[in-house]
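Listed below, chain by chain, are the residues.
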Amino acid sequence: MLTNPVMTASGTFGYGTEYSHLFDIEQLGAIVCKGTTLEPREGSPQPRLAETPGGLLNSIGLQNIGVEALIKEKAPVWAGWRVPVIVNIAGETVDDYARLAGLLDGVAGISGLEVNISCPNIKAGGAEFGANADSAAGVTATVKKATSLPVLVKLTPNTTDIVRVAIAVAEAGADAISLINTLRGMAIDINGRKPLLGSTSGGLSGPAIKPVALYMVYQVAGAVDLPVVGCGGITTASDAIEFIMAGASAVQVGTAGFTNPRAPLDVLEGIEQFMEKEGINDIKELIGAGRR
Ligand SMILES: Cc1cc2nc3c(=O)[nH]c(=O)nc-3n(C[C@H](O)[C@H](O)[C@H](O)COP(=O)(O)O)c2cc1C
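In this text, all values refer to a predicted model and were calculated from it rather than measured experimentally. (Residues numbered from 1 in each chain as written. Predicted model: local features only at pLDDT ≥ 70, side-chain atom pairs only at ≥ 80, totals over all residues. Heavy atoms only, no water.)

A. How the structure looks around the side chain of Asn116. With respect to the helices and strands, the residue Asn116 is situated in strand β6 (residues 112-116). Ignoring any residue separated from it by four or fewer positions in sequence, one finds Asn116 in contact with Leu62, Asn88, Ile89, Ala90, Tyr97, Lys154 and Asn181. (Helix = DSSP H or I, 4+ residues; strand = E, 2+ residues; numbered from the N terminus. Contact = heavy atoms within 4.5 Å.)

Here's what the structure looks like:
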C-alpha cells in the first residue's frame, strides 16, 4: 500500500491540510490524521502541553472534529491526494470503535484505519483497552468485522506485557501493528504546588521515549508475522533506520514535527541517502537487519 516507509504520527500532523503549504506532503508514505471519535470533542483542560528534558508531555484529550465532519470536510480533500490517509480512531466502548469503523468504511479518500487502543475502556473501570490482551483483541476483531479497510492497531506501552498484547491483536486479525503510543507521565509546578498539566498526567513523547519504543518494536517484530510500524521519538533518519533495523517495515514521525514541521520528509530523504550510500535498492534489505 505504501510507496515509502515514512508516515506522520497521529495527533501531531492534524488532518494533513494544515501542513500542505509548508512542504510537499504528498511525498510521504502515508498521513495518519488526528484521533477521531464519534462525537466532536473539546479536549482536556489547559495547560495541555509541558516540556520535559528530551520529551513532551501532552494531555490533549482527543480534541477533534468528530467523524461526521471528518467524512464531510476532510475526506473529500484527501480523495484528491496521491498520499494515502489513515484515520486514527478512538472510542470509550467496543461499540464506539465498531460504529466508527462502519461509518468510515468505503469513504473515498480514506485508505486505512489506525485503532488507538490507548483509550480508557469506560465499561471496564477505565483501564486502557490496550493494557490487556483480551480487550485489545476484542476491539481488533470488532473493527475488522466492521470494515473492509486495512486495519493498523496501535499499541500502548502502558502495559506489563506488550508482546502478549501484540500476539493477541495479530490473532484477532489486525493487518499491521503500530507502536508505541505515549508513555504515561506527569510534571509538577513547584512554585504553584500543582501538576503542570490540567489533567494531572499526560503522555510522554519525543526523543526521551525512543530507546523504550525501539526495544518494544524489536520485541513485537520478533513475535508477530505482521508488518510493524515503529513510532516513538523518531527525529532523524538514523533514528528511523534503527527502528527499521529492529524489524519495523515503516515508521511514524510525531513530536519531531513540532520543532521542524518538515521532519517527516527530512527523515524520508535521509533514509534514501543512507540507502544510496550503502548501495541498497530495496528497503526490505534493511528491515530487521539489526536483529540478532
Ligand atoms: C500532541 C500529541 C497528540 C497525540 N494525539 C494522538 C492521537 O490522537 N491518537 C494516537 O493514537 N496517538 C496520538 N499521539 C501519540 C503519537 O501519535 C505518537 O504515538 C507518540 O507521540 C510517540 O511518537 P513521537 O515521540 O514521535 O511523538 C499524540 C501525541 C502528541 C505529542
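Next, the rest of the story.
B. Geometry of a nonpolar patch on the surface. Side chains of Met186, Ile188 and Ile190 sit close together on the surface and give an oily, nonpolar patch of about 340 Å² of accessible area. Relative to the elements of secondary structure, Ile190 occurs in the loop between β10 (188-189) and β11 (194-195). (Patch = residues over 30% accessible without salt bridge, like charges linked within 9 Å, V, L, I, M, F, W, Y side chains within 5 Å. Areas by Shrake-Rupley, 256 points an atom, 1.4 Å probe, with all protein chains shown as cover. Salt bridge = Lys/Arg side-chain N within 4 Å of Asp/Glu carboxyl O.)

C. Here's a closer look at the site of the ligand. Taken together, 23 residues lie near the ligand, and Ser10, Lys154, Gly206, Gly233 and Thr255 sit nearest. Note that an oxygen atom of the ligand is positioned 2.8 Å from one of the backbone N or O atoms of Gly206. In the model, an oxygen atom of the ligand is placed 2.7 Å from a nitrogen or oxygen of the Gly233 main chain. Look at the ligand: alone it shows 610 Å² of surface, and the protein chains cover 96% of it. Within the shell around the ligand, the residues separate by chemical class into six nonpolar, 15 polar and two charged. (Near = heavy atom within 4 Å. Polar contact = N/O pair within 3.5 Å; in protein donor to acceptor, adjacent residues only side chain to side chain. Nonpolar A, V, L, I, M, F, W, Y, C, P; charged D, E, K, R; others polar.)

D. Broad picture of the sheet that holds strand β9 (residues 183-186). Taken together, four strands build an open sheet; the order of strands is β3-β4-β12-β9 and the sheet is antiparallel. Two strands in the sheet have a free side with no partner beyond their single neighbour: β3 (49-52) and β9. Sheet twist, expressed as the mean angle between neighbouring strand axes with direction ignored, is 40°. As defined by bridge partners, β3 adjoins strand β4 (residues 55-58) across four bridges and the pair is classed as antiparallel. By the bridge assignment, Leu49 is partnered in β4 with Asn58. (Pairing = 2+ DSSP bridges. Axes fitted to C-alpha atoms, helices over the stretch in contact; angles between N-to-C directions.)

E. Spatial organisation of the nonpolar core. Within the largest apolar cluster, 84 residues are counted, with the highest numbers of intra-cluster contacts made by Trp78, Leu155, Leu179 and Ile271. Looking at which element gives the most residues to this core, the answer is helix α8 (residues 263-278), with seven residues. Apart from the residues lying within four places of it in its own chain, the contact partners of Leu179 are Leu155, Ile162, Met216, Val217, Val220, Val228, Val229, Gly230 and Cys231. In this structure, Met7, Ala30, Val32 and Leu152 belong to the second largest nonpolar core, which totals eight residues. (Core = buried A, V, L, I, M, F, W, Y, C linked by side-chain atoms within 4.5 Å. Buried < 20%, exposed > 50% of the residue type's maximum accessible area, 1.4 Å probe, protein only.)

F. Highlighting the pattern of salt bridges. Inspection of every chain in the model, using the stated rule, returns ten salt bridges. The partner of Arg41 in a salt bridge is Glu92, with the nearest N and O atoms 3.8 Å apart. Here Arg41 is found in the loop between β2 (31-32) and β3, whereas its partner Glu92 is found in the loop between β5 (85-89) and α2 (94-104), with 51 residues between them in sequence. Within this structure, Asp24, Glu26 and Arg82 form a network of salt bridges that share partners.

G. Spatial organisation of α8. With 16 residues, α8 ought to run about 22 Å at 1.5 Å a step, and its terminal C-alpha atoms sit 22 Å apart, in line with that. Buried-residue contacts for α8 involve β1 (6-8), α6 (237-246), β14 (250-253) and α7 (256-259). Immediately beyond the C-terminal end of α8, within one or two residues, lies Gly279, with a positive phi of roughly 70°. (Expected span 1.5 Å × (residues − 1).)

H. Structural detail: the packing of helix α3 (residues 133-146) against helix α4 (residues 162-171). Contact pair α3 / α4: the axes reach a minimum separation of 8 Å and the direction vectors enclose 30°. In this view, α3 runs roughly parallel relative to α4, as classed from their interaxial angle. Here α3 and α4 pass one another in a crossing that is right-handed. Here α3 contributes Ala133, Ala136, Ala137 and Thr140 to the contact with α4, which in turn contributes Arg164, Val165, Ala168 and Val169. (Parallel < 35°, antiparallel > 145°, perpendicular 65-115°, else oblique. Left-handed = near helix turned anticlockwise from the far one by under 90°.)

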